[in-house]
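# Remarks on the overall topology
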Amino acid sequence: MRRRSVLILKKILGVKVPVRQEVLLRMPKGSICAEIGVYKGDFSEMILEITKPRRLHLIDPWIYQSDATYQQALYGGASKGQAEMDAIYDHVCKRFKKELASGRIVIHRMPSDVAADYFPNNYFDWIYIDGNHLYEYVKKDLELSYPKVKPGGWITGDDYGVKGWWNNGVQRAVDEFAQNQKLKLEIIENQFIVYKPES
Ligand SMILES: C[S@@+](CC[C@H](N)C(=O)[O-])C[C@H]1O[C@@H](n2cnc3c(N)ncnc32)[C@H](O)[C@@H]1O
């Protein structure tokens, strides 16, 4: 049985579904969406399987950060350097070769603030934020993503409430954004969903 059907069956039977998959079940099928921060593409594959997007934009610079701030980051001290990031990028290209050829997946190898300029306003049904978790970066991702999402769409993301090397930057930025913009915010364990109103 396909992953989406299995998850729906589990929900009907009252079996707990892993939280990130729960979030994906709430997203519409056949949508235009983006994942900011892709790494090896594990969650991208879940997005493909569960939400069957019309188009999925994958945004990540795959750049090694040598600064001490990133000592514990997957793309900093916890990695072996730029050669490893290049290898991960190649792996993602191979992993989604078929979808890249069909145009169902588009990779943007660049930081999310640069990628934002490539999309018109009200283009995405939803965007998943899981890039640089430092407060200033999450704040910028939220601010730049918001106009790009259609009215009635969602900005969702990972690691809400997780302190990490980013000093709880995700939660601080998300809470502040939702409060300032007066937006409905839902938290499911460590996942956040910000609702953009219809009008
Ligand atoms: C936690 S990993 C993403 C994991 C992935 N979403 C998953 O669940 O499988 C964070 C990723 O964010 C990327 N990243 C760092 N700075 C970024 C930026 N400014 N814009 C977009 N992605 C960024 C890193 O290269 C890294 O691959």
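The structure presented is a predicted model; accordingly, all values stated were derived computationally and were not measured. (Residues numbered from 1 in each chain as written. Predicted model: local features only at pLDDT ≥ 70, side-chain atom pairs only at ≥ 80, totals over all residues. Heavy atoms only, no water.)

### A short note on the site of the ligand
Stated precisely, the cut-off is as follows: One heavy atom within 4 Å of a molecule or strand makes the whole residue count as near it. Identification of polar contacts relies on pairs of N or O atoms within 3.5 Å, with a donor-acceptor requirement for protein atoms, meaning one able to donate a hydrogen and the other able to accept it, and with residues adjacent in sequence counted only if both atoms are side-chain atoms. Shrake-Rupley sampling with a 1.4 Å probe provides the accessible areas, and residues are treated as covered by the protein chains on show and by no other component. Cavity and pocket criteria rest on a 1 Å grid covering protein atoms alone: a 1.4 Å probe that fits but cannot get out defines a cavity, protein on both sides within 12 Å along at least 5 of 7 lines defines an open pocket, and an atom within 4 Å of a point defines a lining residue. A molecule is said to be in a cavity or pocket once over half of its atoms fall within 2 Å of that pocket's grid points. The secondary structure listing takes helices from DSSP runs of H or I that are at least 4 residues long and strands from runs of E that are at least 2 residues long, numbered from the N terminus.
Lining the immediate environment of the ligand, one finds 17 residues, of which Arg20, Glu35, Gly37, Asp60 and Asp130 sit closest. For the ligand, an oxygen atom lies 3.3 Å from a polar atom in the backbone of Phe43. At 2.7 Å, a side-chain N or O of Asp60 approaches an oxygen atom of the ligand. Burial of the ligand by the protein chains amounts to 90% of its free accessible area of 610 Å². A molecule is said to occupy a pocket when more than half its atoms come within 2 Å of that pocket's grid points, and by this definition the ligand occupies the largest pocket. When residues of the shell around the ligand are traced back to their parent elements, those giving at least two are β1 (32–36) and α3 (42–51).

### Here we look at the side chain of Asp141
To keep it simple, the criterion reads: For the exposure calls, accessible area comes from a 1.4 Å probe over protein chains only, and a residue counts as buried if that area is under 20% of its type's maximum, exposed if over 50%, partly exposed in between. In this count, Lys and Arg are taken as positive residues and Asp and Glu as negative ones, while His and the chain termini are left out. Note on definitions: salt bridges are taken to be side-chain nitrogens of Lys or Arg within 4 Å of carboxyl oxygens of Asp or Glu.
Assignment of secondary structure puts Asp141 in helix α7 (residues 135–145). No salt bridge forms around the buried Asp141; measuring N to O, its nearest opposite-charge neighbour Lys140 is 8.1 Å away. A distance of 2.6 Å separates the side chain of Asp141 from the side chain of Ser112, its partner in a polar contact.

### Points about the sheet that holds strand β3 (residues 105–108)
We count it as follows: In this scheme, strands are said to pair when DSSP sees at least two bridges between them. Between N-to-C directions, angles cover 0 to 180 degrees, with each direction set by a line fitted to C-alpha atoms, over the stretch in contact for helices. In this description, contact between two residues means that some pair of their heavy atoms is separated by no more than 4.5 Å.
The strand order across the open sheet built from seven strands is β3-β2-β1-β4-β5-β7-β6, with neighbouring strands paired in mixed fashion. Whereas interior strands pair on both sides, the edge strands pair on one side only; in this sheet they are β3 and β6 (184–188). The sheet shows a mean angle of 15° between the axes of neighbouring strands, direction not considered. Note that β6 and strand β7 (residues 191–195) share five bridges and pair antiparallel. The residue of β7 that forms the bridge with Leu185 is Val194. This element, α7, spans β1, β4 (124–129), β5 (149–157) and β7 of the sheet and lies at about 180° to β4.

### Focus on the side chain of Lys148
Take Lys148: it is sitting in the loop between α7 and β5. Buried charge Lys148 goes without a salt bridge, the closest partner of opposite sign being Asp117 at 5.8 Å. Setting aside residues up to four positions removed in sequence, Lys148 forms contacts with Ala116, Phe119, Pro120, Asn121, Asn122, Tyr123, Phe124 and Ile127.

### Things to note about empty space enclosed by the protein
Worth spelling out the cut-off: Grid points are joined across faces, edges and corners, and a volume is the space filled by probe spheres set on the points. Residues are grouped as follows: Ala, Val, Leu, Ile, Met, Phe, Trp, Tyr, Cys and Pro are nonpolar; Asp, Glu, Lys and Arg are charged; all remaining types, including Gly, are polar.
Taken as a whole and judged by the stated rule, the model has one cavity of 30 Å³ or more. For the largest cavity, the lining is made up of 13 residues, of which Ile36, Ser112, Ala116, Ile127 and Ser145 are closest to its centre. Taken together, the elements giving at least two residues each to the lining of the largest cavity come down to β1, α6 (112–115), β4 and α7. It is α7 that provides the largest number of residues to the lining of the largest cavity, a total of three residues. When its residues are assigned to classes, the lining of the largest cavity shows nine nonpolar, two polar and two charged.

### Regarding helix α8 (residues 169–181)
Cut-off, in case you're wondering: Expected span, for any helix, means 1.5 Å times one less than how many residues it has. Directions from the helix axis toward the C-beta atoms define the arc.
The first and last C-alpha atoms of α8 sit 18 Å apart over 13 residues, in line with the 18 Å expected at 1.5 Å per residue. When we look at burial in α8, the residues that qualify are Gly169, Val170, Ala173, Val174, Phe177 and Ala178. What you see down the axis of α8 is that its buried residues fit within an arc of 140°, all on one side. Pointing more than 90 degrees away from the buried face of α8 are the exposed residues Gln179 and Asn180. Against α7, β6 and β7 lie the buried residues of α8. Once α8 ends, the next one or two residues include Lys182, with phi positive near 55°.

This is a description of form; function is not addressed.
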